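Below are the chains, spelled out letter by letter.
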Amino acid sequence: MEQKRLCYISRNYYNLTSAGNKAKTDNEDTLAEMGAINLGLPRTIRNSKILAFFLDLIGILRACILLQKDDILFLQYPVKKYFSFLCHIAQLKGARTVSLIHDLGSFRRKKLTIQKEINRLSNSDYIIASNEKMKGWLEEHGLQKPVGALGLFDYRSASRCSEEVTEREQVKVVYAGALSMKKNSFLIELSKTLNHWQLLVCGNKEGLQGLQDNPLITYQGFVPSEDFIKHIDADFGLVWDGDSLDGCSGEYGQYLKWNSPHKVSFYLRAGLPLIIWKEAAVASIIEEAGAGITIRSLEELDDKLANLTPEQKKEMKKQAVNLAQKLNKGGFLTKTLKEINFSLKSATYRV
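Bear in mind the structure is a predicted one, so any value in this text is a computation, not a measurement.

Novice: Outline the packing of helix 10 (residues 262–269) against helix 13 (residues 310–328), supporting the account with residue identities and numerical values.
Specialist: Two elements in contact, helix 10 and helix 13, have axes whose closest approach is 8 Å; the angle formed by their N-to-C orientations is 115°. Judged by the angle between their axes, helix 10 and helix 13 are roughly perpendicular. Between helix 10 and helix 13 lies a crossing whose hand is left-handed. In this structure, helix 10 uses S265, L268 and R269 to contact helix 13, whose residues at the interface are A320, L323, A324, L327 and N328. Class assignment for the residues of the contact of helix 10 with helix 13 results in 5 nonpolar, 2 polar and 1 charged.

Structural data, given as structure tokens:
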């Protein structure tokens, strides 16, 4: 059977510190390793919005010219301004599109209605949802196109994480991220009640007014990702959003039910087992891998951590490191694209 070309379009990125940009460039690297062809311009990292606009536009136009019949064009959704346009061009040229969802505008940001988003996504021939929960949500809301599920976003890094379990009297949990009242005010309540385990917060403390001093909480400020992966001194990474200890609440907290947070991949890439809300979309992946603890409320955590045996900690660490190795090789995207190979029956590409 004749091989079809797997193609993608690289673009300009403002920086690689944001989760979205990091995830997209990691996927581009995986695609390149699979033999995919970049139809756009070479990747650039520029802070100028005007320059970025023209570079991206030129890259899109170049891709439209170079796209051939029977090509499979991989898109990373949302594609600013150009998603529907690219899908239509591919259709006109006899190519097909596979679209990986990073974020849904109808969820957290409410930038468009659910129906408009479903209609937009329907322009693509095949959709890769972030995970199985999002796949189910899309199908329930009327998406008629074939849908797959990624699971976790891969995380590539040249840094090596620690594979050792540190012996200490109290378990140390790290929470990393930009701190704000809207996203993670639960930390204020936690600062009042924490008394059985240690918390290391990597983020700007000033973003949360009302945090109380607690000898078990250490604030470290921003830590570059590569330093975090190599040197973080913690036993678990905490994935929690919202303003409540009893489940993840608010727009950000509820979004965990459907998305695959890049923070999950970041912690795992650092070799950290997770503590994650049981209703989070990726909680089942962590449970099946044995790479962490799922909880309904942070108030469960005292007992959960107190009852962990050294053997259990070592096993969770081992499984987190196993996932880190898979994430570092682009394992989740590679597996998903190989599975699509069977769904798009007439398409084969180099893997």
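Novice: Give a description of the packing of aromatic side chains that names residues and reports values.
Specialist: Ring pairs (aromatic) are described by centroid distance and by the angle formed between their planes. For the coordinates displayed, the defined rule picks out 10 aromatic pairs. Judged by centre distance (5.4 Å) and plane angle (80°), the rings of Y175 and F186 are edge-to-face. With Y175 in strand 9 (residues 172–176) and F186 in helix 7 (residues 186–193), this pair connects stretches of sequence that are 11 residues apart. Judged by centre distance (6.4 Å) and plane angle (25°), the rings of F266 and Y267 are stacked. Through a chain of ring-to-ring contacts, three or more aromatic side chains come together here, namely F107, W137, Y255 and W258. Here K22 stacks its cationic end above the ring of Y155, 4.7 Å away from the centre of that ring.

Novice: Run through the state of the cysteines, naming residues and quoting values.
Specialist: Applying the stated rule across the entire model yields 0 disulfides. Here C161 stays free of any disulfide, with the sulfur of C202 as its closest cysteine sulfur at 16 Å. You can call C202 buried: its relative accessible area is 6%.

Novice: Please set out the pattern of salt bridges residue by residue, giving values where relevant.
Specialist: This structure, assessed with the given rule, holds 18 salt bridges. The residue D233 makes a salt bridge to R168 at a minimum N-O spacing of 3.0 Å. Pair noted here: D233 is in the loop between helix 8 (225–231) and strand 12 (236–239) and R168 is in the loop between strand 8 (147–149) and strand 9, with a separation of 65 residues, a long-range link. D233 sits in the partly exposed class, given a relative accessible area of 35%. Residue classification places R168 among the partly exposed positions, given a relative accessible area of 22%. A salt bridge links K335 to E339; the nearest nitrogen and oxygen atoms lie 2.6 Å apart. Of the two residues, K335 and E339 are both situated in helix 14 (residues 331–343); the distance of 4 residues between them amounts to about one turn of the helix. Overlapping salt bridges bring together R168, K172, D233 and D235 as one network.

Novice: Lay out unusual backbone geometry in plain terms, naming residues and giving numbers.
Specialist: Excluding glycine, most residues fall at negative phi; most peptide bonds, likewise, are trans. With an omega dihedral of 5°, the bond running from Y77 to P78 counts as a cis peptide bond. In this fold, P78 is placed in the loop between strand 5 (72–77) and helix 3 (83–92). For D70, which is not a glycine, the phi torsion comes out positive at approximately 75°. Here D70 is to be found in the loop between helix 2 (49–66) and strand 5. D70 gets classed as partly exposed once you look at its relative accessible area, which sits at 26%.

Novice: Quick rundown of the sheet that holds strand 5? Include the residues and the values.
Specialist: Reading across from one edge, 3-1-5-6-7-8 is the order of the 6 strands in this open sheet, with parallel pairing throughout. Edge positions in the sheet fall to strand 3 (37–38) and strand 8, since each of these pairs with one other strand and no more. Relative to strand 6 (residues 96–101), strand 5 runs parallel, the two sharing 6 bridges. For L75, the partnering residue across the bridge sits in strand 6 and is S99.

Rules of the game
- Residues numbered from 1 in each chain as written.
- Predicted model: local features only at pLDDT ≥ 70, side-chain atom pairs only at ≥ 80, totals over all residues.
- Heavy atoms only, no water.
- Axes fitted to C-alpha atoms, helices over the stretch in contact; angles between N-to-C directions.
- Helix = DSSP H or I, 4+ residues; strand = E, 2+ residues; numbered from the N terminus.
- Parallel < 35°, antiparallel > 145°, perpendicular 65-115°, else oblique.
- Left-handed = near helix turned anticlockwise from the far one by under 90°.
- Contact = heavy atoms within 4.5 Å.
- Nonpolar A, V, L, I, M, F, W, Y, C, P; charged D, E, K, R; others polar.
- Phe/Tyr/Trp six-rings, centres within 6.5 Å; stacked < 30°, edge-to-face > 60°.
- Lys NZ or Arg CZ within 6 Å of the ring centre and 35° of its normal.
- Disulfide = S-S within 2.5 Å.
- Buried < 20%, exposed > 50% of the residue type's maximum accessible area, 1.4 Å probe, protein only.
- Salt bridge = Lys/Arg side-chain N within 4 Å of Asp/Glu carboxyl O.
- Pairing = 2+ DSSP bridges.

In short, geometric facts, not functional conclusions.
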